Amino acid sequence: MSVDAKPYLFTLDHLLTDDERLVWRSAREFCERNIAPTIEKHYEQATFPRELIPEFGKMGFLGASLEGYGCAGMNPISYGLTLLELERQDSGIRSFCSVQSSLVMWPIHAYGDEDQRQRYLPRLATGEYVGCFGLTEPNSGSDPGSMRTHAKQQGKGGDFVLSGQKFWITNSPIADVCVVWAKTLEHGSEAPVIRGFLIERGAKGLSMPETHGKLSMRASVTGEIVLDEVRVPKANLLPGAHGLKGPLGCLTQARFGIGWGVIGAAMAVYERARSYALDREQFGRPIAGFQLTQQKLVEIHNDIVKALLLAYQFGRLKQDGRLTPEQVSMVKRDNVRMALDSARTARSILGGNGIMGEFGIMRHLANLETVFTYEGTHEVHTLAIGRALTGLAAFS
Ligand code: TGC
Ligand code: FAD
């Protein structure tokens, strides 16, 4: 090399507070020590490293941005940086923490009553309990308002009886508590309204079978929630969530985190491709010396920097309470696309070796195909942003 080369021409370091830098460094050290050594094996065997759940709790990764109830109370940037480090290892590991934090603990914190918060949040924060979030159904994906799962209020106590099927549910086979969204006809209203329910493992009529055969997110457990007349006490209804904006509010939290997390996946594939290109020689010189390889590295590097700046700026907006759902759609959509494109390009830099498990790139690439689809597909976010720009909804 003729000049002093470095992998990044910009990092966030100088924009971060001391606390944020500390959180970032300790998250990275934790992930390198505890996740990196075994992630490839877990991915190959399609297993989730359950032994890490209490460790995530000790690190403050579970409900990281919530205040009280044993949660770490991190600001949005610190929260984002922890997800970046988790997803640098594997999107499935980040998924576990995203679901627990944003889709289970956040709605209990935001929509639950004090008894519900006291009962569930401390256990979810330590990892004693695992949670899952049931919105999607076999026939309701991008259009969750069309869900069929329903809840009927019965008897003097006002308990609910739920029936229906939720599909593609991260963590359901290992969950102790499920946040389930269902339609119910409320007293005095003509149309059914979507409400959220907390349902515990062991409830009669509840089963959560695992979905096998995934070629993406193999180190994450996915399954169903099948509800066959499950009786749920009235005390387990989330009082503060009415209508589709209940689950969509949770998704806004999780999508923000994904916008950060996928930058970690992009950094992992970029760093791997750059070091490979510097070592690998063809035609008598390192392939990093060819202009076409340099162009690939430059595109990935510059895209990572832009993604970081968007996530950082939106993180500060979130901290000030000014981040809108449409801005969250932007960071989810664009950063996921960036990471997916980067993984594909990085794979090509490794040539044949790019498809081998030991280099990790194919695993990230396969995972990112899921991230492109879940939490609102790329297309749905395009339309959400399009609606905000034009005032015209093009969903149907
Ligand atoms: P729309 O009329 O737009 O909205 C209904 C009500 O909700 C409000 N709202 C939001 N609130 C908070 N955050 C958001 N992002 C919101 N978007 C809309 C809205 O203001 C309205 O409130 P109100 O008071 O007027 O009633 O609803 P729509 O039926 O037209 O749907 C819009 C659309 C298509 C964008 C929405 O349905 C959507 O986002 N669909 C995608 C579904 C999705 O993302 N599913 C994700 C399932 S969970 C998952 O994938 C977890 S993966 C986990 C992991 O492993 O990490
Ligand atoms: P569909 O909605 O059927 O979409 C299929 C295609 O049609 C997509 O390309 C989509 O963009 C396009 N499309 C649909 N509508 C339109 C439109 N109006 N205009 C243009 N294009 C359109 N869900 C949960 O509730 N909880 C979870 O924990 C969870 N975890 C998941 C984990 C994994 C591994 C996966 C794969 C999914 C998970 N999901 C979860 C479900 C996920 O959110 C859905 O897969 C996603 O919302 C898309 O729904 P769908 O798969 O039914 O696709």
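Residues numbered from 1 in each chain as written. Chains lettered and ligands numbered in written order. Predicted model: local features only at pLDDT ≥ 70, side-chain atom pairs only at ≥ 80, totals over all residues. Heavy atoms only, no water.

A.B. asks: How should the overall build of the protein be read in this particular structure?
C.D. replies: Within the protein, the regular secondary structure consists of 11 helices and 9 strands. Here the C-alpha radius of gyration of the protein, 22 Å, is about what a compact globule of 396 residues would show, namely 21 Å. With the C-alpha coordinates aligned to their principal axes, the bounding extent of the protein is approximately 80 × 45 × 40 Å. Burial status across the protein gives 53% buried among its 396 residues. Pairs at least 24 apart in sequence give 74% of the contacts found in the protein among residues at least 6 apart. Taken as a whole, the protein presents about 17900 Å² of accessible surface, with 52% of it coming from carbon and sulfur. The distance from the centre of the 43 positive side-chain charges to the centre of the 43 negative ones in the protein is 2 Å. (Helix = DSSP H or I, 4+ residues; strand = E, 2+ residues; numbered from the N terminus. Rg over C-alpha atoms; globule rule 2.2 N^0.38 Å. Buried < 20%, exposed > 50% of the residue type's maximum accessible area, 1.4 Å probe, protein only. Contact = heavy atoms within 4.5 Å. Areas by Shrake-Rupley, 256 points an atom, 1.4 Å probe, with all protein chains shown as cover. Lys, Arg positive; Asp, Glu negative; His and termini not counted. Charge placed at Lys NZ, Arg CZ, Asp CG, Glu CD.)

A.B. asks: What is the right way to look at the packing of aromatic side chains in this model?
C.D. replies: Here a ring pair, both rings aromatic, is described through the centre-centre distance and the interplanar angle of the planes. Under the defined criterion, the tally for this structure stands at 14 aromatic pairs. Geometrically, the ring pair formed by F30 and F61 is edge-to-face, given 5.5 Å between the ring centres and 85° between the ring planes. Of the two residues, F30 sits in helix α1 (residues 18–34) while F61 sits in the loop between α3 (53–59) and α4 (76–89), which places them 31 residues apart along the sequence. Summarising the burial analysis for this pair, F30 and F61 share the class buried. Aromatic pair F160 and F197: ring centres 5.0 Å apart, planes at 65°, arrangement edge-to-face. Taken together, the residues span a long stretch of sequence, with F160 in strand β3 (residues 159–170) and F197 in strand β5 (residues 193–200) at a distance of 37 residues. Each member of the pair F160 and F197 is classed as buried. The rings of F30, F48, F56, F61 and F96 are connected pair by pair, giving a single aromatic cluster. A cation over a ring is seen here: K318 above F256, with NZ or CZ 5.4 Å from the ring centre. (Phe/Tyr/Trp six-rings, centres within 6.5 Å; stacked < 30°, edge-to-face > 60°. Lys NZ or Arg CZ within 6 Å of the ring centre and 35° of its normal.)

A.B. asks: Explain the site of ligand 2 here, please?
C.D. replies: The local shell around ligand 2 holds 16 residues, among which T136, S142, W168, T377 and F395 are the closest. The separation between a nitrogen atom of ligand 2 and a polar side-chain atom of T170 is 2.9 Å. One nitrogen or oxygen atom from the main chain of F395 is found 2.7 Å from a nitrogen atom belonging to ligand 2. When the free accessible area of ligand 2 is taken as 980 Å², the share hidden by the protein chains comes to 68%. For the shell around ligand 2, the elements supplying multiple residues, two or more each, are β3, α10 (361–373) and α11 (378–390). Broken down by element, the residue count for the shell around ligand 2 peaks at 3 residues, all from β3. Classifying every residue of the shell around ligand 2 gives 7 nonpolar, 7 polar and 2 charged. (Near = heavy atom within 4 Å. Polar contact = N/O pair within 3.5 Å; in protein donor to acceptor, adjacent residues only side chain to side chain. Nonpolar A, V, L, I, M, F, W, Y, C, P; charged D, E, K, R; others polar.)

A.B. asks: What am I meant to see in the domain arrangement of the protein here?
C.D. replies: Often, the extent of an interface is quoted as the loss of accessible area upon association of its parts. Taken domain by domain, the protein comprises domain 1 (13–130), domain 2 (132–242) and domain 3 (246–390). Just the C-alpha atoms count here: the centres of domain 1 and domain 2 sit 23 Å apart. Listed by partner, the interface residues are 31 residues for domain 1 and 26 residues for domain 2. Here domain 1 and domain 2 share an interface that buries about 2300 Å² over both sides, 62% of which is from carbon and sulfur atoms. For the domain 1 face of the interface with domain 2, the top three residues by lost area are Y43, Y111 and V130, together amounting to 28%. (Domains from an automatic or database assignment. Buried area = accessible area lost by both parts, 1.4 Å probe.)

A.B. asks: What is the right way to read the side chain of T211 from this model?
C.D. replies: Along the polypeptide, T211 turns up in the loop between β6 (206–207) and β7 (222–232). Among the residues examined, T211 registers a relative accessible area of 17% and is labelled buried. Beyond its immediate sequence surroundings of up to four residues, T211 is in contact with T222, G223 and E224.

A.B. asks: What should I look at first to understand the nonpolar core in this one?
C.D. replies: Generally speaking, a soluble globular protein has its nonpolar side chains buried in company with each other. Counting 51 residues, the largest nonpolar core has F56, L86, F96 and W181 as the members making the most contacts within it. At 10 residues, helix α5 (residues 91–111) tops the list of elements feeding residues into this core. Grouped together as the second largest cluster of nonpolar side chains are 50 residues, Y8, L308, L340 and A343 included. (Core = buried A, V, L, I, M, F, W, Y, C linked by side-chain atoms within 4.5 Å.)

A.B. asks: What am I meant to see in the site of ligand 1 here?
C.D. replies: Near ligand 1, the surroundings consist of 25 residues, among which S95, T252, R255, E375 and G376 are the closest. Within the side chain of R387, one N or O atom sits 3.0 Å away from an oxygen atom of ligand 1. For ligand 1, the accessible surface in isolation is 1100 Å², of which the surrounding protein chains cover 71%. Elements with a minimum of two residues in the shell around ligand 1: α5, α7 (245–279) and α11. Counting residues per element, the shell around ligand 1 draws most heavily on α7, at 6 residues.

A.B. asks: Where do I start with the side chain of R255 in this structure?
C.D. replies: By secondary structure assignment, the location of R255 is in helix α7. Buried within the structure, R255 lacks any salt-bridge partner; E375 is the closest side chain of opposite charge, at an N-O distance of 4.3 Å. Within the structure, the side chain of R255 is placed 2.8 Å from the backbone oxygen of E375, a separation counted as a polar contact. With near-sequence residues (within four places) excluded, R255 lies in contact with V328, K332, E375, G376 and H381. (Salt bridge = Lys/Arg side-chain N within 4 Å of Asp/Glu carboxyl O.)

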